[in-house]
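# An overview of the molecular structure
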Amino acid sequence: MTTAPWRDSALPAAARVDDLLARMTLEEKTAQLYGVWVGAATDGEGVAPHQHDMTAEAAERDWAELITRGLGQLTRSFGTAPVDPAVGARALAGAQRQIAGASRFGIPAVAHEECLAGFTAWRATAYPVPLAWGASFDPPLVEEMARRIGRDMRSVGVHQGLAPVLDVVRDPRWGRVEETIGEDPYLVGTVGTAYVRGLESAGIVATLKHFAGYASSAGARNLAPVRAGAREFADVTLPPFEMALREGGARSVMAAYTERDGVPASADPELLTGLLREEWGFTGTVVADYFGIGFLQTLHRVAGTPAEAARLALEAGVDVELPTVKYYGDALVAAVREGLVPEHLVDRAARRVLVQKCELGLLDEDWRPEGAAEQATAEEAVGETAGAERSRIRLDSGANRALARRLAEESVVLLDNPDGLLPLAPGTRIAVVGPRAADPLAMLGCYSFPSHVLTHHPGVETGIGIPTVLESLRAELPDAKVTFAEGCPVSEPDRSGFDEAVARAAEADVCVAVLGDRAGLFGRGTSGEGCDVADLRLPGVQGELLDALTATGVPVVLVLLTGRPYALGRWHGRLGAVVQAFFPGEEGGPAVAGALSGRVNPSGRLPVSVPRVPGGQPWTYLQPPLGLAGEVSNLDPTPLYAFGHGRSYTTFAWEDVTGGPDAEISTDGSYDLCVTVRNTGDRAGAEVVQLYLHDPVASVTRPDVRLVGYQRLELGPGEAGRVTFRFHTDLSAFTDREGRRVVEPGALELRLSSSSADHRHTASLRLTGPVREVGTDRRLRCETEVSAG
């Protein structure tokens, strides 16, 4: 029997897909353009906005009839309800066999899952959230984590991961700050690109979210209109996406919910086709954020019918409707037949989807469900019930937990320790107080499986061990006398526990106040998607509890487990120490306890500024002169702790800076700046050397400083390392008045710094020659080289 060309793996993917498309009916082509979400909640307690409105109709569709056309994607087989990994792998494999067996061409679906802070599946490792990745300033470690996440996903039959989030924080009141990597596009781009490389290296299609501008929503309200101007959009919002595509090799992009200047992202051909494909050369798939196509009709009201919404999205360049079929199904078929939607738009999207399936091996004649799923099926005892089965697929291995611990430890930020209260002495009497001290969920963000899904399944165990700060501190300091009082809830105005908390603190040598957020969705938490806040005061009455504890006169160590920064100026000078951890994952408790005991030398650096006062927002450090403190306003936005700030239990000397003080280079030139960093203390530690750019005069206003390079150095006592930053003038480029990205001649300053506000050494440059326009071939990162000092 002759193999059809589309089945011939020796042929190029494009040729195979052209042959396949020519054989497909319109119904079969549109079937490749949507997913199906089996088991999605319709009761209003879902995990996506307006889920209850958008899933009721799809839930009534007959699965057996639907898959006779084929199917583009399977939505969240593991991330919808708690399912044992082996049971889930077998069920997914069975569904894939059904899909392949029901249609003419036998093509399986792409199975996608969330993986923002680990594979969002029951019993899978819950890693630190992306804001903690940013705090680590350690892209190689993030890449290793992503590779492990990808391998776990592939082991159970998943092909695509909906991560990372590359939105740059513009207003810390936004609920999804915990999902971001920080407030600086260079940090977001470099760390996010590392995550993409790791995920893609495991064979998982990485999906960049949310393209683009989602984090710039007005008033920090989820899905609110984006007020960013063209220059902010080009110079702050877009660079992380460009880096992750060019250097990371991401194969998918998710269109954002939001609209900018009246045009929703899912209906914006300039964004999804002109910029993404024609200018940047992207060839992968664009997927809708959940129900994003429907929102063109129901929320944005730029479409009057499902057919109009489908046409707008297809014209813009949205290839796949997620999470379930409504607009790209029968409504689209009818619209094409009536001449309302050109069929070539369907063909264009189907070709992209099928090329990606071809690259994943899903068009190959010898395709079968993932091997791990079949192995799990064979190993499970015949006749056992699903409830009795214990998985032989481990998604929370010892190696995973060790990596989660290491990343958690690197992400803990010591904000202040003015009198050396930390590390805590071994035999200290410690009162642990606060609503986050004894709750395992205090460690997890809203896209971790326990916070995201298990809240809808009361009584089901978390499936992973999550030591609390209280448990971990007792284990860390076995000779210490540790007492505990909750003090108050996270967000409810209940002060009935204050007296006990104050009594426990008054009896102790030191009080450790563990405060912060509860992750949730759509108002069910204090941080997370749809959990936006009016200002940056601590949730509930936690601030009042902290006032009561400091009034005892006992030294107070404030430990924050949060998804965003909170204003701490009210307690500045009144606290013995301040430790910040951004939802540090399942091993976060031991990591924080290790930092308190001194077993861990804190090395995290702030990926977001910590404000002094709750109001006066939004503010990030990327401010032009008029955004800084000045005489014309009584409001001072200067943060209490600057972006990049973090302290250590050891000391570092920065020595032997080389690079002429007044160098002259062309607008297409490069410059090496070197510094030796020496650990002058008596314990090992890590320093993060940061390189900032200051542009004194430009044709448009520029941020006073912005990060253009960094290097993490781990040094033993007395050890030194020499860092060379290879700065190229491309890194000084910005968008000018005509919308061109240019390098301008004139003065520049490079500042070697320990934060955006603490500059240790400055090198002055003068760029000579003409204004130079740069394109997509420009250098996006400052290469660094580390040698022995």
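Quick look at the structure, then. Predicted, not measured: the structure shown is a model, and the values here were computed from it.

Parameters and conventions
- Residues numbered from 1 in each chain as written.
- Predicted model: local features only at pLDDT ≥ 70, side-chain atom pairs only at ≥ 80, totals over all residues.
- Heavy atoms only, no water.
- Helix = DSSP H or I, 4+ residues; strand = E, 2+ residues; numbered from the N terminus.
- Rg over C-alpha atoms; globule rule 2.2 N^0.38 Å.
- Buried < 20%, exposed > 50% of the residue type's maximum accessible area, 1.4 Å probe, protein only.
- Contact = heavy atoms within 4.5 Å.
- Areas by Shrake-Rupley, 256 points an atom, 1.4 Å probe, with all protein chains shown as cover.
- Lys, Arg positive; Asp, Glu negative; His and termini not counted.
- Charge placed at Lys NZ, Arg CZ, Asp CG, Glu CD.
- Phe/Tyr/Trp six-rings, centres within 6.5 Å; stacked < 30°, edge-to-face > 60°.
- Pairing = 2+ DSSP bridges.
- Salt bridge = Lys/Arg side-chain N within 4 Å of Asp/Glu carboxyl O.
- Polar contact = N/O pair within 3.5 Å; in protein donor to acceptor, adjacent residues only side chain to side chain.

## With respect to the overall build of the chain
- In terms of regular secondary structure, the chain is built from 22 helices and 27 strands.
- For a compact globule of 789 residues, the expected C-alpha radius of gyration is about 28 Å, and the chain comes in at 27 Å, within 12% of that figure.
- Taken over 789 residues, the chain has a buried fraction of 63%.
- Restricting the contact set of the chain to residue pairs at least 6 apart, pairs at least 24 apart contribute 79%.
- Only carbon and sulfur atoms are counted for the fraction: they give 48% of the accessible area of the chain, which is about 27300 Å².
- Across the chain, the centroid of the 75 positively charged side chains sits 1 Å from that of the 104 negatively charged ones.

## Structural notes on the packing of aromatic side chains
- All chains considered together, the criterion is met by 15 aromatic pairs.
- With 5.7 Å between their ring centres and 80° between their planes, Trp6 and Phe105 make a pair best called edge-to-face. Remark: Phe105 occurs in the loop between α5 (85-102) and β3 (110-114) and Trp6 occurs in the segment before α1 (13-23); sequence separation between them is 99 residues. Considered together, Trp6 and Phe105 belong to a single accessibility category, that of buried residues.
- Taking the centre distance of 4.7 Å and the plane angle of 10° together, the rings of Trp133 and Tyr195 count as stacked.

## Examining the pairing of strand β21 (residues 720-728)
- The buried fraction of β21 amounts to 8 of the 9 residues, a majority that puts the element mostly inside the structure.
- Pairing between strand β18 (residues 670-679) and β21: 9 bridges, direction antiparallel. Across the sheet, the residue bridging to Thr676 is Arg722, located in β21.
- Two strands pair when backbone bridges link them, and β21 and strand β27 (residues 783-788) are joined in this way by 6 bridges, in the antiparallel orientation. When the bridges of β27 are listed, Phe725 appears paired with Thr784.

## Focus: the environment of Ala256
- The residue Ala256 is located in the loop between β6 (252-255) and β7 (259-260) in this model.
- Overall, the relative accessible area of 1% leaves Ala256 in the buried class.
- In the structure, Ala256 is positioned 10 residues away from Arg246 in sequence and 20 Å away in space, judged by C-alpha atoms.
- Non-local contacts of Ala256, meaning those with residues more than four positions away in its chain, are made with His210, Phe211, Ala212, Tyr214, Ala265 and Ser266.

## What about the side chain of Asp167?
- Structurally, Asp167 is set in the loop between β4 (160-162) and α8 (185-201).
- Summary of buried charges: Asp167 has no salt-bridge partner, and the nearest side chain of opposite charge, Arg176, is 6.7 Å away.
- A polar atom in the side chain of Asp167 sits 2.8 Å from the side chain of His210.
- The contact partners of Asp167, leaving out residues within four places of it in the chain, are Trp174, Thr180, Gly182, Val188, Lys209, His210, Gly213, Tyr214 and Ala215.

## Structural notes on the environment of Phe233
- Within the secondary structure, Phe233 is located in helix α9 (residues 230-237).
- Its relative accessible area of 7% is what places Phe233 among the buried residues.
- Along the backbone, Phe233 and Thr735 are 502 residues apart, and their C-alpha atoms lie at a distance of 9.8 Å.
- Dropping the residues within four chain positions of it, Phe233 is found in contact with Ala212, Gly213, Leu238, Arg260 and Leu271.

## Points about the sheet that holds strand β22 (residues 734-735)
- Within the open sheet, the 3 strands sit side by side as β22-β23-β26. Their pairing is antiparallel. Sheet topology places β22 and β26 (772-773) at the edges, where each strand pairs with a single neighbour.
- Pairing of strand β23 (residues 741-743) with β26, which is carried by 2 bridges, proceeds in the antiparallel orientation. In the sheet register, Val742 faces β26, and the bridge partner there is Glu773.

## Quick notes on the side chain of Gln73
- Considering the arrangement of structural elements, one finds Gln73 in strand β2 (residues 73-75).
- Judged by relative accessible area, which is 5%, Gln73 ranks as buried.
- One polar contact links Gln73 to His112, side chain to side chain, over a distance of 2.7 Å.
- In terms of polar contacts, Gln73 uses its side chain to reach the side chain of Gln160, at 2.9 Å.
- Excluding residues within four positions of it along the chain, Gln73 makes contact with Tyr34, Gly35, Val36, Ala109, Val110, His112, Gln160, Val320 and Leu322.

These results come straight from atomic positions and should not be treated as a statement about function.
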